[in-house]
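Commentary on secondary and tertiary structure
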Amino acid sequence: MQKPIPFIDLATQRDRIRDRIDARLASVLDSGAYILGPEVRELEERLSEFGGMAATLSCASGTDALILPLMAWDIKAGDAVFVPSFTFAATAEVVALLGATPVFVDVLPDTFNMDPANLEAAIGEVKRAGVLTPRAVIAVDLFGLIADYPTLKPICDKHGLKLISDAAQGYGSTLDAQMAGAWADVVSTSFYPAKPLGCYGDGGAVQTDDTELAEIMRSLRVHGASAKDRYDNVRIGINGRLDTIQAAILLEKLAIFPEEIERRTATAKRYDAAFAGLATPQHVMEGAVSTWAQYTIKVEHGRDRFVAEMKERGVPTVIYYGKPLHRQTAYRDFPCTGNGLAVTDRLSEVVVSLPMHAYLDAETQDRIIAAAQDSLAAIAAERA
């Protein structure tokens, strides 16, 4: 009997760096500096070097990493923040939590990332209505692929909007050898365990070249405390600190992260070659490098059958996102661009993700490929 295939394999990576992580954890336990210990400062410095931004602020989750800059910019009721609907809930959740209005924007049918033309249309609609004040854009680097920031940035500048890169899935992704921070005011990421760079709990980070913004977010991260007097809270904040233990783990994971991106890329290329003519994968733009948080294909016909047949052959699949945000109960009353989000709706009906991680060996990938090829070919033959 063949062993089960994990959708994401965290155990192999853990075993690879177990000794180094154990040593890091022992150091934290010996020091007793469990909150904002030296490992947190070291991680923030390493992430600034990696991401090429002046300031890095670690925090308790990827959601905190998104809400902190919005809080620092005083985004509130009456403000509009433009977000894709084809994403995880946190992207819009942080906007609504502050009383502001998430305005849903469509995505491109090939990269699955925010459609710049649709964004321009959405901003125009909000301005003409005159009810909300456009304030910011949150672009998502979906499934590990950097968004089209060279096109999005001029639109934001034209309308005086802040630009956040939601790099929860795509931290480390590049376009022409530059990370999202080359264009975005802020880069926010998540260290949830399943992310390409993840810890063993919740965690996140926000990066910026704006040192004044960074200082305000540091205050907000610790209940709004003053930098000079921790018992003088100068603004309303949150408890958004990253545990020192998680920082210690991330330091060892960050050390091997560039190599793991290369491994994921090699796996994605094998998938691409295997499924040519059978299914359409997420398109990676010229000059872009994805971190491949997910390897996602479009199965235009028979997706449910495909998922069922893969399961029968012991191959797990996941559908991100079967119900886009603008159709979910909590978000369905927020505005959408134009007459609806046709591309988002269609993608939700056809996308499916296959196992992807840095330690997917050739034999296991061959099993996945064979199962997918057989199923896709059978579906195509029945339609011929």
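The structure we're discussing is the one just above.
Definitions and cut-offs
- Residues numbered from 1 in each chain as written.
- Predicted model: local features only at pLDDT ≥ 70, side-chain atom pairs only at ≥ 80, totals over all residues.
- Heavy atoms only, no water.
- Helix = DSSP H or I, 4+ residues; strand = E, 2+ residues; numbered from the N terminus.
- Polar contact = N/O pair within 3.5 Å; in protein donor to acceptor, adjacent residues only side chain to side chain.
- Contact = heavy atoms within 4.5 Å.
- Buried < 20%, exposed > 50% of the residue type's maximum accessible area, 1.4 Å probe, protein only.
- Lys, Arg positive; Asp, Glu negative; His and termini not counted.
- Salt bridge = Lys/Arg side-chain N within 4 Å of Asp/Glu carboxyl O.
- Pairing = 2+ DSSP bridges.
- Axes fitted to C-alpha atoms, helices over the stretch in contact; angles between N-to-C directions.
- 1 Å grid on protein atoms, 1.4 Å probe; cavity = no way out; pocket = protein on both sides within 12 Å on 5 of 7 lines; lining within 4 Å.
- Points joined across faces, edges and corners; volume = space filled by probe spheres on them.
- Nonpolar A, V, L, I, M, F, W, Y, C, P; charged D, E, K, R; others polar.
- Core = buried A, V, L, I, M, F, W, Y, C linked by side-chain atoms within 4.5 Å.

Quick look at the side chain of Gln-282 now. Along the chain, Gln-282 turns up in the loop between strand E9 (280-281) and strand E10 (288-289). One polar contact links the side chain of Gln-282 to the main-chain carbonyl oxygen of Thr-111, over a distance of 2.8 Å. Setting aside residues no more than four positions away along its own chain, Gln-282 makes contact with Asp-110, Thr-111, Phe-112, Leu-142, Phe-143, Leu-145 and Thr-296.

This part is about the side chain of Lys-253. Considering the arrangement of structural elements, one finds Lys-253 in helix H9 (residues 244-275). For the buried Lys-253, which has no salt bridge, the nearest side chain bearing the opposite charge is Glu-260, at an N-O separation of 7.0 Å. Setting aside its immediate chain neighbours within four residues, Lys-253 contacts Gln-13, Ile-17, Leu-197, Gly-198, Cys-199 and Tyr-200.

Spatially, three strands are ordered E9-E11-E12 in an open sheet, and the strand pairing comes out antiparallel. Only two strands of the sheet have a single partner each, and these edge strands are E9 and strand E12 (351-354). Relative to strand E11 (residues 295-298), E9 runs antiparallel, the two being bridged by two bridges. Among the inter-strand pairings, Thr-280 is bridged to a residue of E11, identified as Lys-298. This element, helix H10 (residues 303-312), spans E11 and E12 of the sheet and lies at about 20 degrees to E12. Each of E11 and E12 touches helix H11 (residues 342-350); the most contacted strand, E12, lies at about 50 degrees to it.

Attention now moves to empty space enclosed by the protein. Inspection of the entire model under this criterion finds two cavities of 30 Å³ or more. The calculated volume of the largest cavity comes to roughly 100 Å³. Asp-9, Leu-10, Gln-13, Pro-196 and Arg-264 are the residues nearest the centre of the largest cavity, which is lined by 15 residues in total. Top contributing element to the lining of the largest cavity by residue count: H9, with three residues. Residues belonging to the lining of the largest cavity are distributed by class as follows: seven nonpolar, three polar and five charged.

As a further point, take the environment of Asp-148. Structurally, the position occupied by Asp-148 is in the loop between strand E4 (133-140) and helix H7 (149-159). Note: C-alpha distance between Asp-148 and Leu-36 (112 residues apart in sequence) is 35 Å. A polar contact is formed between the side chain of Asp-148 and the side chain of Thr-151, at a distance of 2.8 Å.

On to the nonpolar core, then. The biggest cluster of nonpolar side chains holds 45 residues, and the ones touching the most others in it are Phe-82, Leu-119 and Tyr-149. Contributions of two or more residues to this core are made by helix H3 (38-51), strand E2 (79-84), strand E3 (101-105), helix H6 (116-129), E4, H7 and H9. With six residues, the top contributor of residues to this core is H9. For Tyr-149, the residues in contact, after removing those within four places along its chain, are Ala-139, Asp-141, Pro-154, Leu-163, Ser-165, Asp-166, Ala-180 and Trp-183. Counting residues in each nonpolar core, the second largest holds 31 residues, with Leu-213, Met-217, Leu-220 and Leu-325 among its members.

The strands that make up a sheet are held in pairs by hydrogen bonds between backbone atoms, and each pair lies either parallel or antiparallel. Spatially, the seven strands line up as an open sheet ordered E1-E8-E7-E5-E4-E2-E3, and their pairing is mixed. Each of the sheet's edge strands pairs with one partner strand only, and the pair in question is strand E1 (55-59) and E3. Here the strands of the sheet are splayed against their neighbours by 25 degrees on average, with no regard to which way each runs. Judged from the three bridges that link them, strand E5 (residues 162-166) and strand E7 (residues 186-190) form a sheet pairing that is parallel. Across the sheet, the residue bridging to Asp-166 is Ser-188, located in E7. Where H3 meets the sheet, its contacts fall on E1 and strand E8 (204-208), and the angle it forms with E1 comes to roughly 130 degrees. Running over the sheet, helix H4 (residues 62-72) touches E1, E4, E5, E7 and E8 and is turned about 155 degrees from E7.

Let's shift gears to unusual backbone geometry. Following Tyr-320, the chain continues into Tyr-321 via a peptide bond in cis, with omega recorded as 0 degrees. Among the secondary structure elements, Tyr-321 is positioned in the loop between H10 and H11. One non-glycine residue, Phe-112, lies in positive phi territory at about 70 degrees. Looking at the secondary structure, you find Phe-112 in the loop between E3 and H6. Located in the positive-phi region is Trp-292, a residue other than glycine, with phi close to 50 degrees.

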